[in-house]
Amino acid sequence: MNMGSFTQQFLQQIINGLSLGSIYSLIALGYTMIYGIIKLINFAHGDIYMLGAFIGFVATTKFQMSFLPALILAMVGAGLAGIIIERIAYRPMRNAPRIAVLITAIGVSFFLEYTMILIATPQPRTFPAVFSPTVYHFAGLVVNNQQILILVSALLLMAGLTYIVNHTKAGQAMRAVSFDPDAARLMGINIDRIISMTFALGSALAAAAGVLVGIYYNSIDPLMGTMPGLKAFIAAVVGGIGILPGAMMGGLIMGLVEAMVSGFFSSTFRDAAAFAILIIILLYKPSGLLGKNVKEKV
Amino acid sequence: MLQVKNLDVFYGAIHAVKDISLEVGDGEIVTLIGSNGAGKSTTLHTISGLIKPKNGKIIYDGTDITETSAHKIVEMGLVQVPEGRHAFSNMSVLENLDLGAYTRKDKDGIEKDKEDVFKKFPRLYERRNQIAGTLSGGEQQMLVMGRALMSKPKLLLLDEPSMGLAPLLVKEIFNIIKEINDQGTTILLVEQNANMALSIADKAYVLETGRVVLNGTAAELAASEAVQKAYLGG
Ligand SMILES: Nc1ncnc2c1ncn2[C@@H]1O[C@H](COP(=O)(O)OP(=O)(O)OP(=O)(O)O)[C@@H](O)[C@H]1O
Ligand SMILES: [Mg+2]
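None of these values were measured; they are calculated from a predicted model.

1. A few points about the sheet that holds strand E3 (residues 29–34) of chain B
All names here are of chain B.
Inference 1: Within the open sheet, the 6 strands sit side by side as E6-E7-E8-E3-E9-E10. Their pairing is mixed. Across the chains shown, the open sheet's two edge strands, defined by having one partner strand only, are strand E6 (78–81) and strand E10 (211–217). Taken over all neighbouring pairs, the strand axes of this sheet differ in orientation by 15° on average, direction set aside.
Inference 2: By the bridge criterion, 6 bridges tie strand E9 (residues 203–208) to E10 in an arrangement that is antiparallel. Among the inter-strand pairings, glutamate 208 is bridged to a residue of E10, identified as arginine 211.
Inference 3: Where helix H6 (residues 137–149) meets the sheet, it contacts E6 and strand E7 (155–159), and its direction lies at approximately 170° from that of E6.
Inference 4: Against the sheet, helix H7 (residues 167–182) contacts E3, E7 and strand E8 (186–191), and its axis sits at roughly 155° relative to E8.

2. A short note on the coordination of the magnesium ion (ligand 2)
Residue and element names in this part refer to chain B.
Inference 1: Within the protein, the atoms that donate to the magnesium ion (ligand 2) are Ser41 (OG) and Glu83 (OE), at distances of 1.9 to 2.2 Å. Placement of the pair is serine 41 in helix H1 (residues 40–47) and glutamate 83 in the loop between E6 and helix H3 (93–100), with a sequence separation of 42 residues.
Inference 2: Overall, the relative accessible area of 30% leaves glutamate 83 in the partly exposed class.

3. Describing the pairing of strand E2 (residues 135–138) of chain A
Inference 1: With 4 bridges connecting them, E2(A) and strand E3 (residues 141–144) of chain A associate as antiparallel partners. Within E3(A), the position partnered with His137(A) by the bridge is Val142(A).

4. A look at unusual backbone geometry
Inference 1: Located in the positive-phi region is Gln64(A), a residue other than glycine, with phi close to 55°.
Inference 2: Looking at where Gln64(A) falls in the secondary structure, it is placed in the loop between helix H2 (45–61) and helix H3 (67–90).
Inference 3: Here His86(B), not a glycine, exhibits a phi torsion of approximately 55°, which is positive.
Inference 4: For His86(B), the location among the structural elements is in the loop between E6 and H3.

5. Considering the domain arrangement of chain B
Residues and elements named next belong to chain B.
Inference 1: Taken as a whole, chain B is organised into domain 1 (2–77 + 153–231) and domain 2 (85–150).
Inference 2: For domain 1 versus domain 2, the separation of C-alpha centres amounts to 23 Å.
Inference 3: The partner domain 2 presents 12 residues to the 16 residues of domain 1 that form the contact.
Inference 4: Here domain 1 and domain 2 share 0 salt bridges between them.
Inference 5: Applying the counting rule to domain 1 against domain 2 returns 2 residue pairs in polar contact (both at pLDDT 80 or more).
Inference 6: Where the side of domain 1 that touches domain 2 is concerned, the elements lending two or more residues are helix H2 (70–75), E7 and H7.

Reading the values: the criteria
Residues numbered from 1 in each chain as written. Chains lettered and ligands numbered in written order. Predicted model: local features only at pLDDT ≥ 70, side-chain atom pairs only at ≥ 80, totals over all residues. Heavy atoms only, no water. Pairing = 2+ DSSP bridges. Helix = DSSP H or I, 4+ residues; strand = E, 2+ residues; numbered from the N terminus. Axes fitted to C-alpha atoms, helices over the stretch in contact; angles between N-to-C directions. Contact = heavy atoms within 4.5 Å. Donors = N, O, S within 2.8 Å, 3.2 Å for Na, K, Ca; no water. Buried < 20%, exposed > 50% of the residue type's maximum accessible area, 1.4 Å probe, protein only. Domains from an automatic or database assignment. Salt bridge = Lys/Arg side-chain N within 4 Å of Asp/Glu carboxyl O. Polar contact = N/O pair within 3.5 Å; in protein donor to acceptor, adjacent residues only side chain to side chain.

This is the structure we're talking about:
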């Protein structure tokens, strides 16, 4: 491999990594928001992403919707699912030991996966090509319009979320609840409502990721959420769980590392690399790249 | 304005508040004194709806609020400044004040009240863009009091506002409490500094291990031998 093709390959993997990574970022945001507000690792989050993909699939195939309406429908549908799941499964456990809630989340995850298998069969479905793929070549690099679509959609969604969290009253209330729930209640904040809103937002972002991935890989199935869910969780931990910019950054790092490993070594090492990152972070900076190093109070 | 009737509060098996009754009249300053662990904060938390009592009733402004949720109680004008301040220390002074006004929609009124808070606490104005966590203890106490005022309280519960403050600052805080009361806000004040509390209060209740053991006008209690001995170092 001469130097020129190395650079080219490197840049190509950056392009691939960013589009994959922005998917992880979208999912990781939900993990981190929900953790921030109720200190729960929502293991069902990857399945919300799957649900979003399936809603998008039904919208585009059965109802012939175009990309944007299908995306919005998937986001709204998954957002509602998120609200219902919190209401039914997690809220009654609000004061239960954390391990009990964690196990509940794993239960919810299985419930969603196998309910979807019951409804849709375990067969992968072909996600329709809502955009005819166009491939652009420049300077020896290859970019397709789907990668651009993913990156642009993800960036817009992240910008929207950042705006909501930092510049709206509801976003301010979210930050207050996640910082000190009792103090937030003493401000007159209805924390149940804010928690519902957090689940809705996080789930909607995961659903958007699901639709984008469906478009990108053309294939969806009821267990598609497991691996991306796990990797997005790692991304959230890498960035610093509970920290929104951390989740965005963690997702991009995961995507880039995976792309580099697939490009320069072999895609069989891709998943191993993701877990290696987790181990390294947990060893050297357990609070995450953007996290402050504080010992948890016991 | 507020009647608490035969309140019993438990933390699991711990009986923290035992059959407490108390009354706060319109426009009064009532103080609740007692040593550590007497159940003062538990009483305030129960009034604010953060904890639900096992038995008893809380009547505010003629309405039974025993089962009302905490955020609705704030909307009704019953507001608490909790022990240990609990400023949102990752947010700026201004953002903290905005959160105080969370239940309100009258933009103009909010701006006006913010100016009033800054008039009461000029130090907060100087530091309005500073992150609350970097304020001194005294400034944080001013901030959380100002934040509570932003919600236009009719009844303000204050839990140990003088805790950890230098004597001069304690005086300033008590002057401000008096001023807030003079402007029409009823106050229920929990204090360990019995001397200061009795000096500004109309009525007082003394709590010991979850029970009211004494009550009367502030002047009566300040003169009583039992209180002198136990709380006033006399
Ligand atoms: N969350 C809790 N869980 C269990 N027990 C609690 C809890 N909070 C308070 N207690 C217990 O209830 C009793 C009353 O506590 P409370 O905080 O009301 O006292 P206090 O009068 O406010 O004391 P201080 O002056 O130290 O603030 C204490 O024995 C305390 O240990
Ligand atoms: Mg206390």
